[in-house]
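Architecture at a glance
Below are the chains, spelled out letter by letter.
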Amino acid sequence: MNYYLGVDGGGSKTYALIVDGQGNVAGKGRSGNGNHQIDREAAKLNIREAVEAALQQAGLTREQIEFAYFGLAGADREADYRILRPMIAELGFPRHEISCDTMIALRAGTDRPYGVVLICGTGVNGAGVSPEGQFYQCGGFTYLLGDFGGGGSLCVEAFRSVIRAWDGRERPTLLTRLVLDDLGYSDVQEMFDDYLDHGRTPPLRLAKLLFTAAQEGDEVAREVLARQGAELGKSARAVIRRLAMESLAFDVVLAGSIVTRGEGEFVRDAIREAVKEAAPGARVVTLEVEPVVGAVWLAVEATGIKLPPAIYERLRSVSDFSLA
């Protein structure tokens, strides 16, 4: 029996998944940050931890894995691969490959060999592959280098919206009540002083409160989420135009918790509008399985064979692929 390993290393979590040649899940593992750009040593340890857990659950050795495919956040440039190649080689898999996490998300979300993917989780990223196999990435390099959004930025937007409403620069917002309750402060002054005096950073979970407030009709929250959608739409347009895909039919895959789990259409509507303008034949789809599934499919295809229908259908049919 052949076994294949897929790994999804993101900014807040790392998933590892092993399946057999029929698509049966043999082992799975989970750990924390797998992005070396955030913390190289932590990423190294977390990727290893997730892989070891999957191997242990499957009762397999590294030598029994036909191919291992690693989709890693932060695998953006040659400078990154000079770090990642030896890091992954140390895991000891005889046959393996590394790519950016955008590629495993794209593979998991479309049945075409080309398309566009937008990731909005802890951070943001956009990328695409043309029918000719040309790859282009737009973003994924922090706010300073052009990005906006993802949970790492949206939690700050939620927090600062409360401050700006409190000091009179913005309208009152439902976020005030939600953020104070979540963080355990009695009023904004107390929160302001504590964060200023101790150099605190808002936790990522505050990003979810934007969706809660938006669902309740809060205009401040809706504007923040609309801006996130507009920025992702700009990335999609940039990729589509750079790859000359304006006249083609293809999927724009949305991946990451902000665009797949956020309530309402506040972010996705703006993306659809931008995509329709750039490529009328394109379809915006929300990823319904974990990107690690795409890593498994790429592991199989990396051996030179066409993905067996059993593996595709068995994993594709899972609508909530939880590794918790």
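Cut-offs applied
Residues numbered from 1 in each chain as written. Predicted model: local features only at pLDDT ≥ 70, side-chain atom pairs only at ≥ 80, totals over all residues. Heavy atoms only, no water. Pairing = 2+ DSSP bridges. Helix = DSSP H or I, 4+ residues; strand = E, 2+ residues; numbered from the N terminus. Axes fitted to C-alpha atoms, helices over the stretch in contact; angles between N-to-C directions. Contact = heavy atoms within 4.5 Å. 1 Å grid on protein atoms, 1.4 Å probe; cavity = no way out; pocket = protein on both sides within 12 Å on 5 of 7 lines; lining within 4 Å. Points joined across faces, edges and corners; volume = space filled by probe spheres on them. Nonpolar A, V, L, I, M, F, W, Y, C, P; charged D, E, K, R; others polar. Right-handed = clockwise from strand over helix to strand, strands pointing away. Parallel < 35°, antiparallel > 145°, perpendicular 65-115°, else oblique. Left-handed = near helix turned anticlockwise from the far one by under 90°. UniProt positions renumbered as here; feature names shortened; annotations may be inferred. Patch = residues over 30% accessible without salt bridge, like charges linked within 9 Å, V, L, I, M, F, W, Y side chains within 5 Å. Areas by Shrake-Rupley, 256 points an atom, 1.4 Å probe, with all protein chains shown as cover. Salt bridge = Lys/Arg side-chain N within 4 Å of Asp/Glu carboxyl O. Lys, Arg positive; Asp, Glu negative; His and termini not counted. Charge placed at Lys NZ, Arg CZ, Asp CG, Glu CD. Buried < 20%, exposed > 50% of the residue type's maximum accessible area, 1.4 Å probe, protein only.

**Points about the sheet that holds strand β10 (residues 283–286)**
Pairing within the open sheet is mixed, and its 5 strands lie in the order β8-β7-β6-β9-β10. With one partner strand each, in any of the chains shown, β8 (135–138) and β10 form the two edges of the open sheet. Across the sheet, the axes of successive neighbouring strands diverge by a mean angle of 20°, strand direction being ignored. In this sheet, strand β7 (residues 124–129) lies alongside strand β6 (residues 115–120) in antiparallel orientation, the contact comprising 6 bridges. Paired with leucine 118 across the bridge in β7 is glycine 126. Packed on one face of the sheet, helix α3 (residues 101–109) meets β6, β7, β8, β9 (251–255) and β10 and runs near 115° to β6.

**Here we look at empty space enclosed by the protein**
Taken as a whole and assessed by the stated rule, the structure comprises 1 cavity of 30 Å³ or more. Size it by volume and the largest cavity reaches roughly 50 Å³. Surrounding the largest cavity, Lys44, Ile47, Arg48, Met87, Ile88, Glu90 and Leu91 form its lining. Sort the elements by how many residues they give to the lining of the largest cavity and helix α1 (residues 40–58) lands first, with 3 residues. Its residues assigned to classes, the lining of the largest cavity shows 4 nonpolar, no polar and 3 charged.

**Details of the pairing of strand β5 (residues 96–100)**
One ladder, built from 5 bridges, connects strand β4 (residues 65–72) with β5; its direction is parallel. Its bridge partner being in β5, alanine 68 is matched across the sheet by histidine 96. Running through helix α2 (residues 78–89), the crossover from β4 to the neighbouring parallel element β5 is right-handed.

**Considering the pairing of β8**
Relative to β8, β7 is paired through 4 bridges, and the arrangement is antiparallel. Within β8, the residue paired with alanine 127 across the bridge is glutamine 137. Linking two consecutive strands that pair antiparallel, namely β7 and β8, is a turn of 5 residues; a positive phi of about 90° is found at glycine 133 within it.

**Re the packing of helix α4 (residues 151–166) against helix α8 (residues 219–242)**
Helix-helix packing is described using two parameters, namely the angle between the two axes and the distance between the axes. Two elements in contact, α4 and α8, have axes separated by 11 Å at closest approach and are oriented at 155°. Compared by their axis directions, α4 and α8 come out roughly antiparallel. In terms of crossing hand, the pair formed by α4 and α8 is right-handed. For the pair α4 and α8, the contacting residues are Leu154, Glu157 and Ser161 in the first and Val220, Val224 and Gln228 in the second. In terms of residue class, the contact of α4 with α8 is made up of 3 nonpolar, 2 polar and 1 charged.

**Topic: the UniProt feature "domain: ATPase BadF/BadG/BcrA/BcrD type" (unreviewed entry) in the protein chain**
This chain's UniProt record puts "domain: ATPase BadF/BadG/BcrA/BcrD type" (unreviewed entry) on residues 5–299. Between the C-alpha atoms that bound residues 5–299 there is a distance of 7 Å. The span itself is 45% helix and 19% strand.

**Overview of unusual backbone geometry**
Peptide bonds are, in most cases, trans, and in most cases residues other than glycine have a negative phi. Of note in this structure, threonine 142 is not a glycine but carries a positive phi near 85°. Its location among the elements puts threonine 142 in the loop between β8 and α4. One non-glycine residue, alanine 244, adopts positive backbone phi at about 55°. For alanine 244, the position within the fold is in the loop between α8 and β9.

**Here we look at the environment of valine 179**
With respect to the helices and strands, valine 179 occurs in helix α5 (residues 175–183). Along the primary structure valine 179 and serine 161 are separated by 18 residues, whereas in three dimensions their C-alpha atoms are 9.9 Å apart. Setting aside chain neighbours within four positions, we find valine 179 in contact with Ala158, Phe159, Val162, Met191, Leu206 and Leu209.

**Let's talk about a negative patch on the surface**
Residues Asp187, Glu190, Asp193 and Asp197 make up a contiguous surface patch of negative charge. With respect to the helices, strands and loops of the structure, aspartate 197 is situated in helix α6 (residues 188–198). Overall, aspartate 197 belongs to the exposed group, its relative accessible area being 58%.

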